[in-house]
2 protein chains.
Amino acid sequence: MSAGRLIGVGVGPGDPELMTLKAVRALNDADVVAFFAKAGNTSHARTIAAQHLRAGVVELPLLYPVTTELPSCSDAYRATICTFYDTAAAQIAAQIAAGRVVAVLSEGDPLFYGSYMHIHARLAPRVATEIIAGVTGMSGCWSVAGTPIAQGDDVFTVLPATLPEAELARRLGDADAAVVMKVGRHLPKLRRALERSGRLPRAIYVERGTMADAKMIPLTAKPNDEAPYFAVVLVPGWKERP
Amino acid sequence: MSAGRLIGVGVGPGDPELMTLKAVRALNDADVVAFFAKAGNTSHARTIAAQHLRAGVVELPLLYPVTTELPSCSDAYRATICTFYDTAAAQIAAQIAAGRVVAVLSEGDPLFYGSYMHIHARLAPRVATEIIAGVTGMSGCWSVAGTPIAQGDDVFTVLPATLPEAELARRLGDADAAVVMKVGRHLPKLRRALERSGRLPRAIYVERGTMADAKMIPLTAKPNDEAPYFAVVLVPGWKERP
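Residues numbered from 1 in each chain as written. Chains lettered and ligands numbered in written order. Predicted model: local features only at pLDDT ≥ 70, side-chain atom pairs only at ≥ 80, totals over all residues. Heavy atoms only, no water.

Before going further, it helps to spend a moment on the packing of helix α3 (residues 75-97) of chain B against helix α4 (residues 116-123) of chain B. Residue and element names in this part refer to chain B. Running from amino to carboxyl end, α3 crosses α4 at an angle of 65 degrees, the nearest separation of the two axes being 9 Å. Once α3 is placed against α4, the crossing between them reads as right-handed. On α4, the residues that touch Cys82, Tyr85, Asp86, Ala88, Ala89, Ile92, Ala93 and Ile96 of α3 are His118, Ile119, Arg122 and Leu123. Within the contact of α3 with α4, the residues separate by chemical class into nine nonpolar, one polar and two charged. (Axes fitted to C-alpha atoms, helices over the stretch in contact; angles between N-to-C directions. Helix = DSSP H or I, 4+ residues; strand = E, 2+ residues; numbered from the N terminus. Left-handed = near helix turned anticlockwise from the far one by under 90°. Contact = heavy atoms within 4.5 Å. Nonpolar A, V, L, I, M, F, W, Y, C, P; charged D, E, K, R; others polar.)

Encoded structure:
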């Protein structure tokens, strides 16, 4: 029974070929494959990994509770999501206690803004745990765009577009290179912040970065009409190219 | 002759199993495999990829000129290194012009602080180019350490330890999570900056992050004796765990 353990498996940014050899092997060895999804939706991570799941492997979907009607900073939201992660971790812990190897799929890299971290924080103190690093979503984006992002002594920053405009502008102006996540409805504010910080001319708007239908254009060519939540904006650094 | 092209291949942080399926396929398809190395040294990227090089593939080592006696910000250094990259790019361009597919190995991710970028910047405007994203060295480090690095709306920053102490302290205090690179002889200064910014208690020192002999300890347990150039310090974020 001591063989049970938890593996956080990074499946990369979207292209199934950007999975690592180690991730493929882990999925082949796992007794149980767990993944997060919204109720009624397919899991993006599971879609990426689909061709490497063993026939007959036990699948354990972890379905987010419907909480879109609650503001994400409210106490009610935090309590609901916390209970959800507690329950998910308990389900996984039960499988591990029964001697099974449980692989938890994670888009991108498991410990970089990944949902897997919520399971890891709850279980790593008490079960054997392994992390398989993955290619991040942002690496996928700048690679498909063919845009060198940072070099040498560049300061590189990842920012959520949820920050207030003045703070976005200050932080953009303070970094050589940046990636702004969670653009969505914050696009008009982000555009103003990029303009104030002098970074607008080199900003690149990326939608569905590593999907077959990826869209990437200079932000100056993108209207403020609409942007999906997962759109990102790249601000390449590396100004002093030798 | 039109089939010639350039592929920037990320080989990941060190563990050969952290290469992607796409990188392995690219190496199998390449006519020429190029890699950077210091004269007299083996290439770390080539070592990582070794088992996936085709028997008989043409290898093109790109040997850095010996420039350690020149300060890295001097005009002489810049001229020397610039000429080196120009020459390397010309060698690769000649292979591509002859109809060959040239894979340039890159540790980590090609467009994230990678030497490949110098080739890319010179050739991408005039030859067909593909980038294969890789797992970054820093993802390799925090994964082996089992340390969640950033979550939710965390601001994440990558800093070179070469910055002045006051600037390091300011930037460390301004980010939720950080990775400090190029630690080496800057360790005592970095430690003071971490202390000034209140980040010392959660700083983790990582040496040879994804090698079999990796060393990772709380920075408070690491003496100021010596640190290799490629040592990194992780400052995990994600303070508000639900």
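Further notes follow.
Considering all chains together, one arrives at 30 salt bridges over all chains under this definition. Ionic pairing is found between B:Glu17 and A:Arg25, a salt bridge with its closest N-O pair at 2.7 Å. Within this pair, whereas B:Glu17 is found in the loop between β1 (5-10) and α1 (21-29), its partner A:Arg25 is found in helix α1 (residues 21-29), the two belonging to separate chains. A relative accessible area of 23% places B:Glu17 in the partly exposed class. On the basis of relative accessible area, A:Arg25 is assigned to the partly exposed category, the value being 38%. Across the pair A:Arg170 and B:Asp174 runs a salt bridge, and its minimum N-O distance is 2.9 Å. A residue pair is termed interchain when its members come from two chains, as with A:Arg170 in helix α6 (residues 165-174) and B:Asp174 in helix α6 (residues 165-174). On the basis of relative accessibility, which here comes to 21%, the residue B:Asp174 falls in the partly exposed class. Here the salt bridges do not stand alone but share partners, grouping A:Glu167, A:Arg170, A:Arg171 and B:Asp174 into one network. (Salt bridge = Lys/Arg side-chain N within 4 Å of Asp/Glu carboxyl O. Buried < 20%, exposed > 50% of the residue type's maximum accessible area, 1.4 Å probe, protein only.)

Residues and elements named next belong to chain A. In this structure, leucine 123 sits in helix α4 (residues 116-123). Residues leucine 123 and leucine 105, 18 residues apart in the sequence, show an inter-C-alpha distance of 15 Å. Non-local contacts of leucine 123, meaning those with residues more than four positions away in its chain, are made with Leu6, Ala89, Ile92, Ala93 and Ile96.

All right, on to the sheet that holds strand β9 (residues 215-218) of chain A then. Across a sheet, strands are paired by hydrogen bonds formed along the backbone, either parallel or antiparallel in direction. Spatially, 10 strands are ordered β9(A)-β8(A)-β10(A)-β7(A)-β6(A)-β6(B)-β7(B)-β10(B)-β8(B)-β9(B) in an open sheet, and the strand pairing comes out mixed. Looking at the sheet topology across the chains shown, the edges are occupied by β9 of chain A together with β9 (215-218) of chain B. Taken over all neighbouring pairs, the strand axes of this sheet differ in orientation by 15 degrees on average, direction set aside. Across three bridges, the pairing between strand β8 (residues 204-207) of chain B and strand β10 (residues 232-235) of chain B is antiparallel. What sits directly across from B:Ile204, in β10(B), is B:Leu234. The strands touched by helix α5 (residues 137-145) of chain B within the sheet are β6 (156-160), β7 (177-181), β8, β9 and β10 of chain B, with β10(B) carrying the most contacts at an inclination of about 65 degrees. (Pairing = 2+ DSSP bridges.)

In this section: the interface of chain A and chain B. The interface of chain A with chain B comprises 60 residues on the first partner and 60 residues on the second. Of the roughly 5000 Å² buried between chain A and chain B, counting both surfaces, carbon and sulfur atoms make up 56%. Where chain A packs against chain B, one counts 10 salt bridges. For B:Asp15, the salt bridge goes to A:Lys22, with nearest N and O atoms at 2.7 Å. In this structure, the connection of chain A to chain B is made through 36 residue pairs in polar contact (both at pLDDT 80 or more). Counting residues per element, the ones that place at least two in the side of chain A that touches chain B are α1, α3 (75-97), α4, β5 (129-132), α5 (137-145), β6 (156-160) and α6 of chain A. Among the residues forming the side of chain A that touches chain B, the class breakdown is 29 nonpolar, 16 polar and 15 charged. Across three bridges, the pairing between β6(A) and β6(B) is antiparallel. Bridging across to β6(B), A:Val158 finds its partner in B:Phe156. (Buried area = accessible area lost by both parts, 1.4 Å probe. Polar contact = N/O pair within 3.5 Å; in protein donor to acceptor, adjacent residues only side chain to side chain.)

This part takes up the packing of aromatic side chains. Across all of its chains, the model carries 22 aromatic pairs over all chains by this definition. Judged by centre distance (5.2 Å) and plane angle (45 degrees), the ring pair of A:Phe84 and A:Tyr85 falls under tilted. An angle of 75 degrees between the planes, with centres 6.0 Å apart, marks the rings of B:Phe36 and B:Tyr85 as edge-to-face. Separated by 49 residues along the polypeptide, B:Phe36 in strand β2 (residues 32-38) and B:Tyr85 in helix α3 bring together distant segments of the chain. Under the relative-accessibility criterion, B:Phe36 is labelled buried at 10%. Aromatic rings pair up to connect A:Phe36, A:Tyr64, A:Phe84 and A:Tyr85 into one cluster. (Phe/Tyr/Trp six-rings, centres within 6.5 Å; stacked < 30°, edge-to-face > 60°.)

Right, let's get into unusual backbone geometry. With the exception of glycine, most residues fall at negative phi, and the peptide bonds are largely trans. All names here are of chain B. Even without glycine at this site, tyrosine 113 takes up a positive phi of about 60 degrees. For tyrosine 113, the position within the fold is in the loop between β4 (101-106) and α4. Positive phi is not limited to glycine here, since lysine 182 has a value of about 55 degrees. Considering the arrangement of structural elements, one finds lysine 182 in the loop between β7 and α7 (187-196).

Turning our attention to the relation of the copies chain A and chain B. Least-squares fitting of chain A to chain B yields an RMSD of 0.0 Å, with the superposition described by an axial translation of 0.0 Å and a rotation of 180 degrees. In symmetry terms, the pair is related by a two-fold rotation axis. When the interface residues of chain A are mapped onto chain B, 100% of them again lie at the interface, so the same face is used by both copies. (Least-squares fit on C-alpha atoms with pLDDT ≥ 70 in both.)

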